[in-house]
Amino acid sequence: MNVGNPRYQRAWTADALHNWRFGFDGIFMDDVNMKCNCRTTPVEYPTDAAYQRAVTRFLANTSSRLVANGVARNRIFGNVGYWLSNVTKACRWNRYISMSEEHWTQFGSFAQQRHQITCAQQNGRWFYGRTEGSASHQRRLRYGQGMALLFTRGRAVIGAQDPTNDVWIAAYSQANRLGDPTGAAFRRANGTWRRNFRHGYVVVKPASKRAAITLDAGTRSPLVALPPTWTGCSSPVLSCRAGDA
Amino acid sequence: MKRFVLSALVVAQLVGALALERPAAAAGIHHGRLANSSRPNWSDLVESARRQDLFVVNPWWVRKKAKIKATRPTDQVIAYFNAAGCKPDTTPLDDGSGRRGQSAMPCSEANGTSAGSCTPARPGSSPAASGRGGTVRR
């Protein structure tokens, strides 16, 4: 769909509001992307920058209308695709929406991931990070949890990217028992990061994607290496050049 | 009466907007569940509501939403709605009201508002909207 089209934006907002009025707390916008998720290059947006400008207009116009109709701005979540292609640029959308990452800590550098969760929580907005995996992927999910614990400002939500099942791992319960942080995260001489909480602490080792939560009672989750993971790619169509598609 | 109803709505919105800012863990962590497949596993809905703070669900699950809220009123339940894809049809709400919800703009409507666009190319593996799909490395 042509997200930059003002008629589309108005119609989209009306439809989103129709559904929100069934009593929901907010709206989750999927496919708020830094690149067009298209089979071919759209005529309207020959560059990523052009498409990003269209998405920015879409977010500005739709979010302002949603807010004017009673939706809390920090309850408008945009699922940002290709966020890591330009973390800083994508973070500008924090002005309009809370931001979501569906491959939280699976790709990109430690610095990029830190930037994601930090910028998303500015202006009273929220960060919602989902990591692909089932309950059998505890190490991967624990790392996503650990990174979020390092940089949460109280507006970070994390979980598994599993549209069917409720995925809950022991580290989530441990994290809930940590309480509030007592200070900011800090880097230690050995390259690990640590953050202290009222009832324990978390240690994250970015180089090997390990995380461990230690509670005051002595409960400890193991440090385990995370193997690299890769996924495929898709490309639906927005609009096509003549002869394309 | 109308003024009272409007005031109540405003208060309800404020309560909803602030619900996640829990004093018990003001700067701690929260957990969320995305449940927008065609047939999510709701067998543990009460337990799920107890441990999750935020849900993203298809907008026709209003009874599920009510059950989550009844279990844990501070839980935030967000309606999934695709920003850039369309869906051929709507779905009846699960409350038996006869109303219908949608997880993306109906394609018939979208094509009329998006001049120059092609029909979404392929059935998505994304559960909510056609034309979107697969897992994308981002």
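Above this text you will find the structure in question.
Residues numbered from 1 in each chain as written. Chains lettered and ligands numbered in written order. Predicted model: local features only at pLDDT ≥ 70, side-chain atom pairs only at ≥ 80, totals over all residues. Heavy atoms only, no water.

Engineer: Could you clarify how one ought to interpret the packing of aromatic side chains in this entry?
Structural biologist: Geometrically, a pair of aromatic rings is defined through the distance of the ring centres and the angle of the planes. As enumerated under the stated definition, the model contains 14 aromatic pairs over all chains in all. Aromatic pair F151(A) and W193(A): ring centres 5.8 Å apart, planes at 65°, arrangement edge-to-face. One end of the pair, F151(A), is in helix α5 (residues 138-151); the other, W193(A), is in strand β7 (residues 193-197), and 42 residues separate them in sequence. Of the two residues, F151(A) and W193(A), both sit in the buried class. These aromatic residues form a ring-pair network of at least three members: Y8(A), W12(A), F58(A) and F81(B). Its end group placed over the ring of Y128(A), R130(A) keeps NZ or CZ at 5.0 Å from the ring centre. The aromatic ring of W42(B) is capped on one face by R33(B), whose charged end is 5.1 Å from the ring centroid. (Phe/Tyr/Trp six-rings, centres within 6.5 Å; stacked < 30°, edge-to-face > 60°. Helix = DSSP H or I, 4+ residues; strand = E, 2+ residues; numbered from the N terminus. Buried < 20%, exposed > 50% of the residue type's maximum accessible area, 1.4 Å probe, protein only. Lys NZ or Arg CZ within 6 Å of the ring centre and 35° of its normal.)

Engineer: When you look at the sheet that holds strand β6 (residues 186-187) of chain A in this model, what are you seeing that I'm missing?
Structural biologist: Each strand in a sheet pairs with another by means of backbone hydrogen bonds, the pair being arranged parallel or else antiparallel. Residues and elements named next belong to chain A. Spatially, the four strands line up as an open sheet ordered β6-β7-β8-β9, and their pairing is antiparallel. Every other strand in the sheet has two partners, leaving β6 and β9 (210-215) as the edge strands with one partner each. Across five bridges, β7 lies against strand β8 (residues 200-205) in antiparallel orientation. By the bridge assignment for β8, F197 is matched with G200. Each of β7, β8 and β9 touches helix α6 (residues 170-178); the most contacted strand, β9, lies at about 50° to it. (Pairing = 2+ DSSP bridges. Contact = heavy atoms within 4.5 Å. Axes fitted to C-alpha atoms, helices over the stretch in contact; angles between N-to-C directions.)

Engineer: Even after reading the chapter, I still don't get the nonpolar core, so can you show me in this structure?
Structural biologist: Within the largest apolar cluster, 90 residues are counted, with the highest numbers of intra-cluster contacts made by W12(A), M29(A), L59(A), L66(A), W83(A) and L150(A). Of all hydrophobic cores here, the second largest spans ten residues; its members include F28(A), Y128(A), L54(B) and Y80(B). (Core = buried A, V, L, I, M, F, W, Y, C linked by side-chain atoms within 4.5 Å.)

Engineer: What is the right way to look at α6(A) in this model?
Structural biologist: Within an α-helix, residues lying three or four positions from one another point in the same direction, as the helix has 3.6 residues per turn. Every buried residue belonging to α6(A) is among A171(A), Y172(A), Q174(A), A175(A) and L178(A), and all of these are buried. Buried positions in α6(A), seen along its axis, are confined to an arc of 160° and lie on one side of it. Elements that come into contact with the buried residues of α6(A) comprise α5, β5 (156-161), β7, β8 and β9 of chain A together with β1 (30-35) of chain B. Backbone geometry just after α6(A) places G179(A) at a positive phi near 75°. (Arc of directions from axis to C-beta.)

Engineer: Can you walk me through the state of the cysteines in this structure?
Structural biologist: Note on terminology: disulfide describes a covalent bond linking the sulfur atoms of two cysteines. Tallying each qualifying case throughout the model produces three disulfides over all chains. Here C36(A) pairs with C38(A) through a disulfide, and the sulfurs are 1.7 Å apart. Side by side, C36(A) and C38(A) carry an identical accessibility label, which is buried. The residue that forms a disulfide with C86(B) is C107(B), at a sulfur-sulfur distance of 2.1 Å. With the S-S bond torsion at 85°, the cross-link from C86(B) to C107(B) turns out right-handed. Here C86(B) is found in strand β4 (residues 86-87), whereas its partner C107(B) is found in helix α4 (residues 107-113), with 21 residues between them in sequence. By the burial criterion, C86(B) is buried, and C107(B) matches it. (Disulfide = S-S within 2.5 Å.)

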